[in-house]
Amino acid sequence: MSGLDFAQAPPPARPLRWLLSVPAWGMAAGACLLLSGDTALSSRWSPHTIALVHLFTLGVLGNAMLGSLLQFLPVAAGAPMPLRRSPAWLHASFNLGLAVFVVSMTSMHRNGLAVASVLLAVPILVFAAAALPGLLARGAQQVLRSGLAMAVTALALTALAGALLVAILRGEAPLPLESIADAHATIGLLGAVVGLMAAVASVTLPMLQGTARVPERWLGGWIALTIVSLAVGVALRIWSGQQPPLVVSALLPALLFVGASLWFPLRPQARRNRPLVWSWRMGTLAVGAACVIVLAGTTTPLPASSVILAGTLGIAIGLPMMVSGMMLEIMGFLAWIGLRRDCPRGIRVPGVGTLVAQRDKWVVLALHLLAGATLAGAALFPALLARPAGLALLIAWAAVLATQLRGLARARTFRRAHFPEAATGT
Ligand code: HEM
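Keep in mind the model is a prediction, meaning the values are calculated, not measured.

Q: Explain the site of the ligand here, please?
A: The full set close to the ligand counts 25 residues, and Arg44, Trp45, His54, His184 and Ala185 are the nearest of them. Here an oxygen atom of the ligand sits 2.5 Å away from a polar atom, N or O, in the main chain of arginine 44. Here a nitrogen atom of the ligand sits 2.8 Å away from a polar atom, N or O, in the side chain of histidine 54. Of all the elements in the fold, those that place two or more residues in the shell around the ligand are helix H2 (47-76), helix H3 (87-106), helix H4 (110-136), helix H5 (142-169) and helix H6 (177-209). Here the shell around the ligand gets 8 residues from one element, more than from any other, and that element is H5. Of the residues belonging to the shell around the ligand, the class tally is 17 nonpolar, 7 polar and 1 charged.

As structure tokens, then:
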């Protein structure tokens, strides 16, 4: 696979622990909705809704981002990740922090929120401090690395703003909560999550979905536009208190991403990985629908249910569907890298595409589409559909976890059958 340097890949166990945490938090989000019902879909400011938002933004998207960056930076971007063994404690602190955050937010426990924001922010800042020097150094793939650097920096800024929001909620910082929450959410979702997906997609769309190459100047132009839009929008939101400038300035790069993300796979040069193509497409459509609802809100004030619907389409359905499709492809790579590393010369290891079964990927997509439809319905009729949506979500993410574990089990079976002396690996 052109442009990928597998010799630089970290031991597969390192990114794996993050990627296996993704569906666990997806299932926790389903359980949370099943238990709390419509309380979690009542208003964007309700503590249960904020807890549910972070089960997706930190649990599902955060673990997927940090896990895939551990793999992608050295292998695809030629940027070293000098973290050696520390990802283990970073992972523990990040995920313990999220658990404490969810419990403290739903019970509005002030000290618990303070502890959670430290346990969450420290690993994100350590990760950024480790990744940025390599990403900002001069060298090949400058545009790709600047996109990754933007996403990592945005994630660090989001964590700092999150810690500030906790200080405001604890009454320690007399600052405007709503403006900072909007800035925090926009930098996190557009700068970090969509920023990372745009940069990674410039490599994976051609490689995994058989599309044409994404021109570097397009990606470079989009990165510059996103940085300027966020800087202007956030400054106006915090200093003038006005929300529409932030919404409009953020929607421009977001809608350009949606457009390109739908357009390139429409004209594939090679048909491959169809389950990925469809989870990416359906996920992008959900993100696009969320953007259109938010855009409508700049002309007429949106009812609470439309705000919840937009948040649900973007944060609980669209972005996670795109991420889970990509993650199942990365799982195949990690299992394959583990086999190739341990495999004595002369033994042919199974291909990347065979370790995580295509059939399983189609089942995961179908269950995510069902959960997505129920979730969208729950945003409009929470009393009726919140709990069924929680159950559908729990099942969909349990299927992701089962598919990951079946892929790893296939690699282990091959290892036992062909070189049992190395059976201890992944
Ligand atoms: C260190 C990690 C983080 C902490 C401590 C944190 C904390 C918070 C807090 C306290 C709020 C609620 C403010 C209020 O009462 O309205 C909030 C809102 C929000 N956060 Fe975070 N956050 C963190 C990371 C993230 C990340 C990485 C993302 C996205 C990628 C994110 C997305 C959001 C969104 C979308 C909201 C708005 C929720 C709403 O208005 O319904 N957060 N965050």
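Q: Is there a simple way to explain the coordination of the iron atom of the ligand in this structure?
A: As a benchmark, a tetrahedral metal site with four donors has ideal angles of 109.5 degrees, while an octahedral site with six donors has ideal angles of 90 or 180 degrees. Within the protein, the iron atom of the ligand binds to His54 (NE2) and His184 (NE2); these donor distances fall in the range 2.0 Å. Because the angles between the 6 donor atoms bound to the iron atom of the ligand fall within 86 to 179 degrees, the donor set is best described as octahedral. Taken together, the residues span a long stretch of sequence, with histidine 54 in helix H2 and histidine 184 in helix H6 at a distance of 130 residues. Of the two residues, histidine 54 and histidine 184, neither departs from the other in class, the shared state being buried.

Q: Help me understand empty space enclosed by the protein, please; the structure alone is not making it clear to me.
A: In this approach a probe as big as a water molecule rolls over the atoms, and the regions it shows empty are the leftover space. Using the criterion set out here, one finds 3 cavities of 30 Å³ or more in the structure. By volume, the largest cavity amounts to about 420 Å³. Forming the boundary of the largest cavity are 27 residues, of which Ser68, Phe72, Val200, Met326 and Ile330 lie nearest the centre. At 9 residues, the largest contribution of residues to the lining of the largest cavity is made by H6. Split into classes, the residues belonging to the lining of the largest cavity amount to 24 nonpolar, 3 polar and no charged. Estimates place the volume of the second largest cavity at around 80 Å³. Of the residues forming the lining of the second largest cavity, the biggest block, 5 residues, is contributed by helix H10 (residues 304-342). Taken together, the residues of the lining of the second largest cavity break down into 6 nonpolar, 4 polar and 2 charged.

Q: Hey, could you run me through the packing of H6 against helix H9 (residues 274-296) in this one?
A: Running from N to C, H6 and H9 cross one another at 145 degrees; their axes reach a closest spacing of 11 Å. Classified by chirality, the crossing of H9 by H6 is left-handed. Residues Met197, Ala201, Leu205, Leu208 and Gln209 of H6 pack against Leu276, Val277 and Trp280 of H9. A class-by-class count of the residues in the contact of H6 with H9 yields 7 nonpolar, 1 polar and no charged.

Q: Which parts of the structure should I look at to understand the nonpolar core?
A: Residues Leu52, Leu135, Leu148 and Phe257 are the most contacted members of the largest nonpolar core, which totals 145 residues. Per-element tally for this core: the top contributor is H10, with 21 residues. Core analysis: the second largest hydrophobic core is formed by 6 residues, Leu165, Ile168, Ala173 and Ile180 among them.

Q: Any chance you could explain the pattern of salt bridges here in plain terms?
A: Proximity of charged atoms lets side chains of opposite charge pair with each other. Under the counting rule described, the total for this entry stands at 8 salt bridges. A salt bridge links aspartate 182 to arginine 44; its shortest N-O distance comes to 2.8 Å. Of this pair, aspartate 182 sits in helix H6 while arginine 44 sits in the loop between helix H1 (13-36) and H2, and the two are 138 residues apart along the sequence. Judged by relative accessible area, arginine 44 falls into the partly exposed class, the value being 31%. Taking the shortest distance from any N to any O, the salt bridge between arginine 170 and glutamate 172 comes out at 2.6 Å. On the basis of relative accessible area, glutamate 172 is assigned to the partly exposed category, the value being 47%. One connected set of salt bridges, linked through shared partners, spans Arg359, Asp360, Arg406 and Arg410.

Conventions used here
- Residues numbered from 1 in each chain as written.
- Predicted model: local features only at pLDDT ≥ 70, side-chain atom pairs only at ≥ 80, totals over all residues.
- Heavy atoms only, no water.
- Near = heavy atom within 4 Å.
- Polar contact = N/O pair within 3.5 Å; in protein donor to acceptor, adjacent residues only side chain to side chain.
- Helix = DSSP H or I, 4+ residues; strand = E, 2+ residues; numbered from the N terminus.
- Nonpolar A, V, L, I, M, F, W, Y, C, P; charged D, E, K, R; others polar.
- Donors = N, O, S within 2.8 Å, 3.2 Å for Na, K, Ca; no water.
- Tetrahedral: all angles 85-135°; square planar, octahedral: opposite > 155°, others 65-115°.
- Buried < 20%, exposed > 50% of the residue type's maximum accessible area, 1.4 Å probe, protein only.
- 1 Å grid on protein atoms, 1.4 Å probe; cavity = no way out; pocket = protein on both sides within 12 Å on 5 of 7 lines; lining within 4 Å.
- Points joined across faces, edges and corners; volume = space filled by probe spheres on them.
- Axes fitted to C-alpha atoms, helices over the stretch in contact; angles between N-to-C directions.
- Left-handed = near helix turned anticlockwise from the far one by under 90°.
- Contact = heavy atoms within 4.5 Å.
- Core = buried A, V, L, I, M, F, W, Y, C linked by side-chain atoms within 4.5 Å.
- Salt bridge = Lys/Arg side-chain N within 4 Å of Asp/Glu carboxyl O.

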